[in-house]
Amino acid sequence: MKERLMSGNEAVAIGAIKAGCRFFAGYPITPSTDLAERMSKLLPEVGGAFIQMEDELGSIGAIIGASLTGSKAMTATSGPGFSLMQEGIGFASFSEIPIVVVDVQRVGPSTGIPTYPSQGDIMQARWGTHGSHPIIALYPSSVKESYDLIFTAFNFSEKYRVPVIFISDEVIGHMREKITVDDSHVVFERKKPEVPKEDYLPFDSRYEVPPLANFGEGYRFHVTGLTHDETGFPTSDPVKAERLMERLQRKILNHLDEIFLYETFLVEDADILIVSYGVVARSAKEAILELREKGLKVGLFRPITIWPSSEKVLKDLASNRRVFVFEMNLGQYVHEVERIVKKKVEFYGKENGEIISPEEIESCILKSL
Amino acid sequence: MKTEIRLAGSGGQGIILASILLAEAASIYDQKNVLQSQVYGAAARGEISKADVIISDSEIYFPEVRSPDILLTLTQDSYDTFIKHIKLTTLIIVDDFYVKTIDKSLNNYVFSITDIALNTTQKRISSNIVALGIISGLTGVVSLDALTETIKNHFKEGVQKNIEALYMGYKIGIGGKNG
Amino acid sequence: MYTEISLDNLRVKKLPHIWCAGCGNGIVLSAILRAIERSKIDKDKIVFVSGIGCAGRSSGYVNFNTLHTLHGRPLAFATGIKLANPDLQVIVATGDGDLAAIGGNHFIHAAKRNIDLSVIVFNNFVYGMTGGQLSPTTPEDSFTTTTPYGHIEEPMNISYLAIAAGATYVARETIGNPLMLEKYILNGLLHKGFSLIEAVSSCVTEFGRRNNLGDPAEYVKFLKDKSIPFSKVNSVESHDGIVVGEFVNIEKPEFVTSYYELVKKVAK
């Protein structure tokens, strides 16, 4: 057990190695670059592979390829690079290849303000690809949680054969806090097939999550981004297409109990519920303490799993409470909250590079009374 | 108790390193809650270098320093810039080597930081370590022992010289408090 | 000596293939399969990676570990596979559009790294799958569905680009000479480093019928007649026809080997 002061990006790198990550491909982009730099130092030390690719299209392709050989693989990027990676994320979602994509958010759209934080990629994490498929996206709000949550990201990815988007932001990625680096985290290993090689179906619909063989171990299966049947070969049969789409949904959405992670802060007696996540949740906590000094009963719901959402959890928390959403964009997660709670939701957001401060949250709530 | 500290100077004065040493000392050795942040990347390549450290007995939520309790300025530029974002009680530590014009209405503590660094280690770059000693002696927000351990842990060479610089800073810091 | 294609290397159940009658891609694929047979590489260790387009469909018909990737990205996926598991023999089947247009950046950089991949580009001068649009290698003045008045650009020379980017094995042959094509592919498979074999193929349906090459046999004969041996012109490019031969065959440090040598030095 060792206490260390480190940045969020550093904690993700160190946690990833401990979670078994042995392959990283990336392309420099502020404010995620220091994560790649750290991986370039750490991976050779444990016999793993690091490669700086020619662009983000290449990076995402390389980690998918690496994952098919059985390697736990990760990349890290920010908004503009995350946009380029969407085609690969769609491929990995559809062909069910575990990968972890870290997106350290900066101000957008386009090149935006590279060194300043935002939360503008929330919807892109969910809907950035074409077609219908579920995704898992996790978002920490501290350095310690960055460390803990990267284990969860790899575990979910391997367990559910799904890309996991690890969302962070410039503040969480670069601020330094104390964490304890130890070996207490559970690490999940990918399920391998146990059937004879000739009977192996890489997309066997009898499973929610079919076991995945490694390339090179004799199973000789086919992987494609085309709609495919259980054997992995292309099909345009609507019945088979439907079966695959349905299973992709089910394998994630049937497991919300495990996948949906969240924190509540002083909600028990609250009349007002703040919904915020990542760095803004930290401002919210400070604001809540101030508002409670003033006699207002305010609490926080902080989704850690941004996607998928748990309708039940949010509905329960929102019932009989006024709901406020604060996020560093001009309205993204608020749409998900509105969809679920089906009542008026107050919104405050900005994407100008500044963190939403506790004072802004306080005044927003005080004004609305 | 929560103390917000802003360290400022120009690139090359070791401001970022000083903030990391301060944060490490307070968190790992003094066992406080600490949050360090700095201006990052391209934005850090300008003239002014700035880093913030929050030290607290309780959990730290909002990660930014708005108006610091302690402001260290090693250059005139950084002094002029950051006195705009202080409160009446902000304790301002000033290096008289580079900061010649100060606003006398403020709570200034003027030390010959660079001179002491030059006298102790013969290196101007050690002024950041002298400054850490002053912060410890003057405010007690971080212990001298913690800073000493951090320096021992951090530097591969020149440990003794840096500890000397730290102690010199601490001494005048204590003096500044009493005077 | 003629090598038979082992049926074990084909997914016979997946046939017939989607390629049009008279398409040259079958000749290229059979040359690849014969070369694989001759190379004696362990079939379980072969990863056959392809992109999008007609050539991209080849991965579905061969009985190895097969990966049908995204348009332009087979080299990126292949790079990840080879670097993550150097024991695997990674073969990439791609087309002129896939490799040289949308995947051009990966092509340049994979060649520059000299990563041990064997790349066979099915160059048929046209986008066949999408119905006959111009590709980077479409010859000047020829007609495609997006150059109805004739093409005004000079074509890209894929082999030339590979050489410039740093590939250590580069050869070109047409489907008019399948045995030589097979030989070059075999050389590429056995070569340690980035090898590129430009297989000049035909597209009767989409290119041929718009450019007076509508007869499959005539098309093959045309490619053969247009071939100029490299030894004759000592240049990768000629305005008189298609230069064929082995252009580059050199040894240079290979990326994955160098990487793991570095790992050995720094591993704790």
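What counts as what
- Residues numbered from 1 in each chain as written.
- Chains lettered and ligands numbered in written order.
- Predicted model: local features only at pLDDT ≥ 70, side-chain atom pairs only at ≥ 80, totals over all residues.
- Heavy atoms only, no water.
- Helix = DSSP H or I, 4+ residues; strand = E, 2+ residues; numbered from the N terminus.
- Rg over C-alpha atoms; globule rule 2.2 N^0.38 Å.
- Buried < 20%, exposed > 50% of the residue type's maximum accessible area, 1.4 Å probe, protein only.
- Contact = heavy atoms within 4.5 Å.
- Patch = residues over 30% accessible without salt bridge, like charges linked within 9 Å, V, L, I, M, F, W, Y side chains within 5 Å.
- Areas by Shrake-Rupley, 256 points an atom, 1.4 Å probe, with all protein chains shown as cover.
- Salt bridge = Lys/Arg side-chain N within 4 Å of Asp/Glu carboxyl O.
- Lys, Arg positive; Asp, Glu negative; His and termini not counted.
- Charge placed at Lys NZ, Arg CZ, Asp CG, Glu CD.
- Pairing = 2+ DSSP bridges.
- Axes fitted to C-alpha atoms, helices over the stretch in contact; angles between N-to-C directions.
- Arc of directions from axis to C-beta.
- Left-handed = near helix turned anticlockwise from the far one by under 90°.
- Nonpolar A, V, L, I, M, F, W, Y, C, P; charged D, E, K, R; others polar.
- Polar contact = N/O pair within 3.5 Å; in protein donor to acceptor, adjacent residues only side chain to side chain.
- Buried area = accessible area lost by both parts, 1.4 Å probe.
- Domains from an automatic or database assignment.
- Phe/Tyr/Trp six-rings, centres within 6.5 Å; stacked < 30°, edge-to-face > 60°.

Novice: Just checking my understanding: could you explain the overall build of chain A for this structure?
Specialist: Within chain A, the regular secondary structure consists of 13 helices and 15 strands. Its C-alpha atoms give chain A a radius of gyration of 21 Å, near enough to 21 Å, the size a compact globule of 369 residues would have. Across its three principal directions, the C-alpha atoms of chain A cover 70 × 45 × 40 Å. Relative to its 369 residues, chain A shows a buried fraction of 66%. Pairs at least 24 apart in sequence give 76% of the contacts found in chain A among residues at least 6 apart.

Novice: What is the right way to look at a negative patch on the surface in this model?
Specialist: Residue and element names in this part refer to chain C. Together, Glu140, Asp141, Glu154 and Glu237 make up a region of like negative charge exposed at the surface. In this fold, aspartate 141 is placed in the loop between strand 6 (133-134) and helix 5 (158-165). By relative accessible area, which is 57% here, aspartate 141 ends up exposed.

Novice: Whenever I open this one, the sheet that holds strand 13 (residues 305-307) of chain A confuses me. Can you help?
Specialist: Within a sheet, adjacent strands bond to each other through the backbone by hydrogen bonds, running parallel or antiparallel. Residue and element names in this part refer to chain A. Reading across from one edge, 3-2-4-5-7-6-13 is the order of the seven strands in this open sheet, with mixed pairing throughout. The strands lining the two open edges of the sheet, one partner per strand, are strand 3 (49-52) and strand 13. On average, adjacent strands in this sheet sit at an angle of 25° to one another, irrespective of strand direction. As defined by bridge partners, strand 4 (residues 72-77) adjoins strand 5 (residues 99-105) across four bridges and the pair is classed as parallel. Bridge assignment links methionine 74 to a residue of strand 5, and that residue is valine 100.

Novice: Where do I start with helix 3 (residues 113-121) of chain B in this structure?
Specialist: Since the α-helix advances by 3.6 residues per turn, residues separated by three or four positions end up pointing in the same direction. Residue and element names in this part refer to chain B. All of the buried residues along helix 3 are Ile113, Thr114, Ile116, Ala117, Thr120 and Thr121. The arc enclosing the buried residues of helix 3, seen along the axis, measures out at 160°, which places them on a common side. Just downstream of helix 3, glutamine 122 is the residue with a positive phi angle, here 65°.

Novice: Whenever I open this one, a nonpolar patch on the surface confuses me. Can you help?
Specialist: On the surface, Leu7(C), Val12(C) and Leu15(C) cluster together into a nonpolar patch covering about 270 Å² of accessible area. Inspection of the secondary structure puts Leu15(C) in the segment before helix 1 (25-39).

Novice: In this structure, what is going on with the packing of helix 1 (residues 8-18) of chain A against helix 6 (residues 143-160) of chain A? I would like to understand it.
Specialist: Working note: a packed helix pair is described by the angle between its axes plus the distance between those axes. Residue and element names in this part refer to chain A. Contact pair helix 1 / helix 6: the axes reach a minimum separation of 8 Å and the direction vectors enclose 35°. The handedness of the crossing between helix 1 and helix 6 comes out as right-handed. In this structure, helix 1 uses Gly8, Ala11, Val12, Ile14, Gly15, Ala16 and Lys18 to contact helix 6, whose residues at the interface are Val143, Ser146, Tyr147, Ile150, Phe151 and Phe154. Looking at the contact of helix 1 with helix 6, its residues break down into nine nonpolar, three polar and one charged.

Novice: Before we go on, may I ask you to explain the arrangement of the chains in this structure?
Specialist: Contacts between protein chains span two pairs of chains, and they are most numerous for chains A and C. Nothing in chain B touches chain C, and the closest approach of their C-alpha atoms is 20 Å.

Novice: What exactly am I supposed to notice about the environment of Glu336(A) here?
Specialist: Residues and elements named next belong to chain A. Take glutamate 336: it is sitting in helix 12 (residues 333-341). Looking at glutamate 336, the relative accessible area reads 9%, which means it is buried. If we ignore the near neighbours within four places in the chain, the residues touching glutamate 336 are Trp307 and Ser309. Among the polar contacts listed, one links the side chain of glutamate 336 to the side chain of serine 309, at a separation of 2.3 Å.

Novice: How do you make sense of the interface of chain C and chain A when you look at a structure like this?
Specialist: It is common to give the size of an interface as the accessible area that goes away when the parts come together. Listed per partner, the contact involves 40 residues of chain C and 37 residues of chain A. Interface area for chain C against chain A, summed over the two sides, is near 3200 Å², with a carbon-plus-sulfur share of 59%. Where chain C touches chain A, the interface holds three salt bridges. Among the salt bridges present, the one from Arg113(C) reaches Glu54(A), with a minimum N-O distance of 2.7 Å.

Novice: What is the right way to look at the interface of chain A and chain B in this model?
Specialist: Contact with chain A, which involves 26 residues of that partner, is made by 23 residues of chain B. In this assembly, chain A packs against chain B so that about 1900 Å² is buried in total across both faces, 58% of it on carbon and sulfur atoms. Residues Glu359(A) and Arg66(B) are paired through a salt bridge, measuring 2.5 Å at the closest nitrogen-oxygen approach. Across the chain A-chain B interface, the total number found is ten residue pairs in polar contact (both at pLDDT 80 or more). Counting only elements with at least two residues in the side of chain A that touches chain B, the list comes to strand 1 (2-7), helix 7 (170-174), strand 8 (176-181), helix 10 (278-293) and helix 13 (358-367) of chain A. Here the side of chain A that touches chain B takes six residues from helix 10 of chain A, the largest share from any one element. Residues belonging to the side of chain A that touches chain B are distributed by class as follows: ten nonpolar, five polar and eleven charged.

Novice: Before we go on, may I ask you to explain the domain arrangement of chain A in this structure?
Specialist: All names here are of chain A. In terms of domains, chain A is made up of domain 1 (2-181) and domain 2 (262-367). Here domain 1 and domain 2 have C-alpha centroids that lie 26 Å from each other. Between domain 1 and domain 2, the contact holds 30 residues from the first and 22 residues from the second. Buried area between domain 1 and domain 2, summed over both chains or domains, comes out near 2000 Å², and the portion from carbon and sulfur atoms is 59%. For the pair domain 1 and domain 2, the number of links is two salt bridges. Put simply, arginine 302 and glutamate 145 hold a salt bridge, and the shortest N to O gap is 2.7 Å.

Novice: Help me understand the pattern of salt bridges, please; the structure alone is not making it clear to me.
Specialist: A side chain with one charge may pair with a side chain of the opposite charge, provided their charged atoms come close. Counting across every chain of the model gives 46 salt bridges over all chains. Ionic pairing is found between Lys350(A) and Glu354(A), a salt bridge with its closest N-O pair at 2.8 Å. Residue class for Glu354(A) comes out partly exposed when judged on its relative accessible area of 45%. Each member of the salt-bridge network shares a partner with another, and the members are Glu286(A), Glu359(A), Lys2(B), Glu4(B) and Arg66(B).

Novice: Can you walk me through the sheet that holds strand 7 (residues 169-174) of chain C in this structure?
Specialist: Judged by pairing direction, the sheet is mixed, and its nine strands sit side by side in the order 9(A)-2(C)-1(C)-3(C)-4(C)-8(C)-7(C)-10(C)-9(C) without closing on themselves. At either margin of the open sheet sits one strand with a lone partner, and together these are strand 9 (222-224) of chain A together with strand 9 (227-229) of chain C. Averaged over neighbouring strand pairs, the angle between their axes works out to 20° when direction is ignored. As judged from the five bridges shared by strand 1 (residues 46-50) of chain C and strand 3 (residues 89-95) of chain C, these two strands associate in the parallel manner. Bridge pairing in strand 3 of chain C places Val49(C) opposite Val92(C). The strands touched by helix 7 (residues 216-226) of chain C are strand 7, strand 8 (195-200), strand 9 and strand 10 (242-249) of chain C; relative to strand 9 of chain C, the strand with the most contacts, the crossing angle is about 30°.

Novice: Just to check I follow, could you spell out the packing of aromatic side chains for this structure?
Specialist: Pairs of aromatic rings are described using the distance from one ring centre to the other and the angle between the two planes. All names here are of chain A. Taken as a whole and judged by the stated rule, the model has 22 aromatic pairs over all chains. On the numbers, 6.1 Å between centres and 65° between planes, the contact of phenylalanine 156 with tyrosine 160 is edge-to-face. On the criterion of helical spacing, the pair formed by phenylalanine 156 and tyrosine 160 is a turn pair, its members being four residues apart in helix 6. A residue is classified by how much of its surface remains accessible, and tyrosine 160, at 3% relative accessible area, is buried.

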